[in-house]
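# Observations on chain architecture
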Amino acid sequence: MRAVAVFFAALIAVLGFGVVSAAETAPVLVRFDLANLDGEPGPEHAGSFVLEVHPDWAPLGAERFLDLVAQEFWKGTRFFRVIDNFVAQFGIHGKPAVAAEWRDKKIKDDPVVESNKRGTVVFATSGKDTRTTQLFINFADNANLDGMGFAPFAKVV
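Quick look at the structure, then. (Residues numbered from 1 in each chain as written. Predicted model: local features only at pLDDT ≥ 70, side-chain atom pairs only at ≥ 80, totals over all residues. Heavy atoms only, no water.)

## Here we look at the overall build of the chain
Condition: We count a stretch as a helix when DSSP gives it H or I for four or more residues in a row; a strand needs E for two or more, and each element gets its number in order from the N terminus. The cut-offs for exposure are 20% and 50% of the maximum accessible area for each residue type, with area from a 1.4 Å probe on protein chains only; residues under the lower value are buried, those over the upper are exposed, and the others partly exposed. Contact criterion: two residues are considered in contact whenever any of their non-hydrogen atoms come within 4.5 Å of each other.
Secondary structure summary: the chain contains three helices and eight strands in total. Residue burial in the chain is summarised as follows: out of 157 residues, 43% are buried. A separation of at least 24 residues holds for 63% of the contacts in the chain among residues at least 6 apart in sequence.

As structure tokens, then:
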């Protein structure tokens, strides 16, 4: 599927963003500008997408995500796992020293308030209370992930 290949080749570079405390419940928009959508060189292959962050869905996840935005963590990050009709995963920084800095900064799980619908964004985990920087975007309605504790904090708009 071309859309999957498009995401796989993407480089993420945050352009403009507003950061607020996750204690606020108003959604926050974060724009990601992609330097490369399809593996071909040139500015005509660039694009963007916007995430609408919902602190009321998953306050700890939203706060971590916005902290990473404020620290420009996402610049140069790539999608590294794309599974057709399931998810696209990203969130490992390209510089090993930066990735190492966040490896042990785990946050507790949020309760699942919003279902893992198509377009929602969720932290990946390696077990209970192990969220760090890796995220995935649901390509399909993945309600089966709700019972596994994957709490969406944002959606693609």
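## Observations regarding the pairing of strand β4 (residues 77-83)
The line we're drawing: For two strands to count as paired, DSSP must find a minimum of two bridges between them.
The sheet contact formed by β4 and strand β5 (residues 87-90) spans four bridges and is antiparallel. Each residue of the ladder has a partner; that of Ile83, found in β5, is Val87. Hairpin connection, β4 to β5: the antiparallel pair is bridged by three residues, and Asn85 has positive phi, about 60 degrees.

## Things to note about the packing of aromatic side chains
To be explicit about the condition: For Phe, Tyr and Trp, where Trp contributes only its six-membered ring, two rings pair if their centres lie within 6.5 Å, and the inter-plane angle classes them as stacked under 30 degrees, edge-to-face over 60, or tilted in between.
Taken as a whole and judged by the stated rule, the model has 12 aromatic pairs. Ring geometry for Phe73 against Trp74: centres 5.1 Å apart, planes inclined by 90 degrees, an arrangement best described as edge-to-face. Each member of the pair Phe73 and Trp74 is classed as buried. When the centroid spacing of 4.8 Å and the interplanar angle of 55 degrees are considered together, the rings of Phe79 and Phe90 count as tilted.

## Things to note about the pattern of salt bridges
The condition that has to hold: Any carboxyl oxygen of Asp or Glu within 4 Å of a side-chain nitrogen of Lys or Arg constitutes a salt bridge here.
All chains considered together, the criterion is met by eight salt bridges. Put simply, Lys117 and Glu114 hold a salt bridge, and the shortest N to O gap is 2.6 Å. The exposure class of Glu114 is buried, given its relative accessible area of 16%. Taken together, the shared-partner salt bridges in this structure form one network comprising Asp109, Asp110 and Arg131.

## Some points on the side chain of Asp33
Mapped onto the secondary structure, Asp33 falls in strand β2 (residues 28-34). Residue Asp33 is classed as buried on the basis of its relative accessible area, which comes to 16%.

## Observations regarding unusual backbone geometry
Unusually for a residue other than glycine, Glu72 sits at a positive phi of about 55 degrees. Mapped onto the secondary structure, Glu72 falls in the loop between α2 (59-70) and β4. Owing to a relative accessible area of 38%, Glu72 belongs among the partly exposed residues under this scheme. Residue Asn85 is not a glycine yet carries a positive backbone phi of 60 degrees. Residue placement: Asn85 occurs in the loop between β4 and β5.

## Notes on the environment of Val112
Note that Val112 resides in the loop between α3 (96-103) and β6 (120-123). Residue classification places Val112 among the partly exposed positions, given a relative accessible area of 31%. When the C-alpha atoms of Val112 and Gly149 are compared, they prove to be 6.2 Å apart, with 37 residues separating the residues in sequence. Setting aside anything within four residues of it in sequence, one finds Val112 in contact with Asp146, Gly149, Phe150 and Ala151.

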